[in-house]
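Chain by chain, the residues run as shown.
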Amino acid sequence: MLDFDFYNPTHIVFGQDRLAELDVLVPEDAKVMITYGGESAKKYGTIGKVRDALEGRTLIEFGGIEPNPRFETLAKAANIAKAENVDYLLAVGGGSVMDGTKFIALAAKDESGEYQNMLFHGFAPVPATDALPLGCVATLPATGSEMNMGGVITYNGQKYPFMSPLAFPKFSVLDPDLTKTLPKEQIANGVADAFVHVIEQYLTYPVNAKVQDRLAEGVLKTLIEDGPVTLADNDDMDARKNFIWSATMALNGTIGAGMPQDWSTHMIGHEMTAQYGIAHGRTLAIILANVMRERKAQKHAKLLQFAERVWDITDGTDDEKIDQAIDKTEAFFNSLGIVTNLTHYGIDDAGIDKIVGNMEKMGLTALSETGDLTLDIVRKILVATK
Ligand code: NZQ
Ligand code: ZN
């Protein structure tokens, strides 16, 4: 196991009918900016319930945070938060709203006004010293944003991750009922995103981290069991709760502590979203199997462990077990209704050139847990996915 620091201060409030507890979770004298996305949070009544729970406080609303939230929108929100002396942010939505609100929280305390500078630090923390406190009402299980310190912002047509311990939500309410209005493809994307979050932190090389490995395998098995049930049956509350907690556990730091981490699939996927607008989780599902196939030699030991412990494959040689596990992973995504070839999404050879070219511009030229995944290999992965 590698050395690690583990820090996660987010209070999780999990369960049905708990929105009224916002009254206790948000300070009594706070001036609150409620942030949300396009229309779902209003249309399905969540904003109304949030407002009722926060009665007595001064509330302002900022809506219109897009999927893959845009820098300009968030900068505008931060300027309003400053001008209105907002002292608490409450995100009501999916990963985009939660990520966007983390960015607003940092920007609202950034006196320079050059908020874009927070986006150029990669996975290193933003050099910020203060942020507005924020809470979340999470409506889409997928990103883990409700319990982590990261976000991804679209700036100049590119996706930039940012991190800061100041961006951890103070609390996140995870009410499974709020996710019942999700369209099926968003559930499928959420299962895929959570699955690949685990894979990025698990499927590297062995470091004998038994707890992290077994937790990761437990989360993957739960997603395989309960993702499809949640997709098929809107009323299976047990499956839905297990799916939601899997998505949070997949990226709250627990399974990744002391582990080598990959993130290649995410870096390629972000470019597919930036250039083609394909939803985040879906991009990952499209390419993951071919990342695994291309990286069989480097990931051999963990792929075998994945085959035996996650897919329970016992027959065949080691290589046969690995091949079966990769095929099963791809078939799993297909069973969720996700088509896993690029042509289906209108990405042809010229599109592959564009994706690889943009990754080069972004400096994403040495990916993977060992930094040996070059753009030639990215191209091979994409060509194999045609
Ligand atoms: O905008 P509204 O109208 O609210 O509709 C949203 C949006 O169109 C809708 N939605 C959300 N909750 C709903 C609902 N519709 C019906 N009922 C509900 N309960 O779903 C659509 C997609 O929402 P979005 O927030 O964009 O999806 P997701 O949660 O998948 O977030 C994706 C973003 O998170 C980033 C991605 O890059 C992307 O920008 N990520 C953030 C991470 C993190 N913070 O750690 C890690 C991830 O790897 C990921 O990169
Ligand atoms: Zn993701």
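All values reported here derive from a predicted model rather than from experimental measurement. (Residues numbered from 1 in each chain as written. Chains lettered and ligands numbered in written order. Predicted model: local features only at pLDDT ≥ 70, side-chain atom pairs only at ≥ 80, totals over all residues. Heavy atoms only, no water.)

**Student:** Could you give me a rundown of the site of ligand 1, with the residues and numbers involved?
**Tutor:** As a structural note, the neighbourhood of ligand 1 is formed by 33 residues, with Gly38, Ser40, Gly95, Ser96 and Lys159 the closest of them. The contact in question runs from an oxygen atom of ligand 1 to an N or O atom on the side chain of Asn68, over 3.2 Å. In the model, a nitrogen atom of ligand 1 is placed 3.1 Å from a nitrogen or oxygen of the Gly150 main chain. Relative to its free-state accessible area of 960 Å², ligand 1 is covered by the protein chains to the extent of 88%. Elements that contribute at least two residues to the shell around ligand 1 include exactly helix H5 (95-107), strand S6 (150-155), helix H6 (184-202) and helix H9 (264-276). Of the residues assigned to the shell around ligand 1, the class counts are 10 nonpolar, 19 polar and four charged. (Near = heavy atom within 4 Å. Polar contact = N/O pair within 3.5 Å; in protein donor to acceptor, adjacent residues only side chain to side chain. Areas by Shrake-Rupley, 256 points an atom, 1.4 Å probe, with all protein chains shown as cover. Helix = DSSP H or I, 4+ residues; strand = E, 2+ residues; numbered from the N terminus. Nonpolar A, V, L, I, M, F, W, Y, C, P; charged D, E, K, R; others polar.)

**Student:** Can you break down the coordination of the zinc ion (ligand 2) residue by residue, with the values?
**Tutor:** Taken together, Asp193 (OD), His197 (NE2), His266 (NE2) and His280 (NE2) make up the full set of protein donors to the zinc ion (ligand 2), lying 2.0 to 2.1 Å away. Along the chain, the residues that donate to the zinc ion (ligand 2) are spaced as D-x3-H-x68-H-x13-H. Remark: His280 occurs in helix H10 (residues 280-294) and Asp193 occurs in helix H6; sequence separation between them is 87 residues. On the basis of relative accessible area, Asp193 is assigned to the buried category, the value being 2%. Looking at His280, the relative accessible area reads 16%, which means it is buried. (Donors = N, O, S within 2.8 Å, 3.2 Å for Na, K, Ca; no water. Buried < 20%, exposed > 50% of the residue type's maximum accessible area, 1.4 Å probe, protein only.)

**Student:** I'd like a rundown of helix H3 (residues 46-53), residues and numbers included.
**Tutor:** Taken together, the buried positions of H3 are occupied by Thr46, Ile47, Val50 and Ala53. In an axial view of H3, the angular spread of the buried residues amounts to 125 degrees, which keeps them on one side of the axis. For H3, the secondary structure elements touched by its buried residues are helix H1 (22-25), strand S2 (31-36), helix H2 (40-43), strand S3 (58-62), strand S4 (88-93) and strand S5 (134-138). (Arc of directions from axis to C-beta. Contact = heavy atoms within 4.5 Å.)

**Student:** Before we move on, can you summarise the pairing of S2 with the specific residues and values?
**Tutor:** A regular strand places its side chains so that they alternate between the two faces of the sheet. S2 sits mainly inside the fold: five of its six residues count as buried. Where S2 meets S3, five bridges bridge the pair, whose relative direction is parallel. When the sheet's bridge partners are listed, Met33 is paired in S3 with Ile60. By the bridge criterion, five bridges tie S2 to S4 in an arrangement that is parallel. The residue of S4 that forms the bridge with Val32 is Tyr88. (Pairing = 2+ DSSP bridges.)

**Student:** Please give an account of the environment of Gln201 that cites residues and values.
**Tutor:** Along the chain, Gln201 falls in helix H6. Through-space distance from the C-alpha of Gln201 to that of Ala285 is 16 Å; in sequence the pair is 84 residues apart. If sequence neighbours within four positions are ignored, Gln201 has contacts with Ala250, Leu251, Ile255, Gly256, Met259, Pro260, Gln261 and Trp263.

**Student:** Account for the packing of aromatic side chains, with residues named and values stated.
**Tutor:** One pass over the structure, following the stated rule, counts 12 aromatic pairs. Aromatic pair Phe71 and Phe103: ring centres 5.9 Å apart, planes at 70 degrees, arrangement edge-to-face. Of this pair, Phe71 sits in helix H4 (residues 71-83) while Phe103 is found in helix H5, placing the two residues 32 residues apart along the sequence. Both rings, one in Trp311 and one in Phe332, keep their centres 6.3 Å apart while their planes meet at 65 degrees; by these two values the pair is edge-to-face. Residue Trp311 is found in the loop between helix H11 (300-310) and helix H12 (318-335), and its partner Phe332 is found in helix H12; the two are separated by 21 residues along the sequence. The residues Trp311 and Phe332 share a single accessibility class, namely buried. The ring centre of Tyr202 lies 4.6 Å from the NZ or CZ of Lys302, which sits over that ring. (Phe/Tyr/Trp six-rings, centres within 6.5 Å; stacked < 30°, edge-to-face > 60°. Lys NZ or Arg CZ within 6 Å of the ring centre and 35° of its normal.)

**Student:** Go over the sheet that holds strand S1 (residues 11-14) with me, naming the residues and quoting the values.
**Tutor:** The strand order across the open sheet formed by six strands is S1-S8-S5-S4-S2-S3, and the pairing between neighbours is parallel. Both outer strands of the open sheet, S1 and S3, are each paired with one neighbouring strand and no more. Along the sheet, successive strands turn relative to each other by an average axial angle of 20 degrees, direction set aside. In the sheet, S5 pairs with strand S8 (residues 171-174) via three bridges, with the strands oriented parallel. Of the residues in S8, the one forming a bridge with Gly135 is Phe171. (Axes fitted to C-alpha atoms, helices over the stretch in contact; angles between N-to-C directions.)

**Student:** Could you give an account of the nonpolar core, with specific residues and numbers?
**Tutor:** Grouped together as the largest cluster of nonpolar side chains are 66 residues, with contacts concentrated most on Phe195, Ile268, Phe306, Phe333, Met359, Val378 and Leu382. Sort the elements by how many residues they give to this core and H6 lands first, with 10 residues. Aside from chain neighbours lying at most four places away, what touches Val378 is Ile268, Val356, Met359, Leu367 and Leu373. Ile60, Ala91, Met98 and Ala138 belong to the second-largest nonpolar core, a separate cluster that totals 37 residues. (Core = buried A, V, L, I, M, F, W, Y, C linked by side-chain atoms within 4.5 Å.)

**Student:** Kindly report on H12, identifying the contributing residues and their values.
**Tutor:** Here H12 contains 18 residues, and its C-alpha end-to-end distance of 25 Å stays within 8% of the 26 Å for a straight helix at 1.5 Å per residue. Along H12, the residues classified as buried are Lys321, Ile322, Ala325, Ile326, Thr329, Glu330, Phe332 and Phe333. The inward-facing, buried residues of H12 abut H6, helix H7 (210-232), H10 and H11. Directly beyond the C-terminal end of H12, a positive phi value near 95 degrees is found at Gly337. (Expected span 1.5 Å × (residues − 1).)

**Student:** Could you give an account of the pattern of salt bridges, naming the residues involved and the relevant values?
**Tutor:** As enumerated under the stated definition, the model contains 23 salt bridges in all. Across the salt bridge formed by Asp130 and Lys109, the nearest N and O atoms sit 3.9 Å from each other. Taken as a pair, Asp130 in the loop between H5 and S5 and Lys109 in the loop between H5 and S5 lie far apart in primary sequence, 21 residues in all. Here Asp130 falls in the partly exposed class, since its relative accessible area comes to 37%. (Salt bridge = Lys/Arg side-chain N within 4 Å of Asp/Glu carboxyl O.)

These figures capture arrangement, not role.
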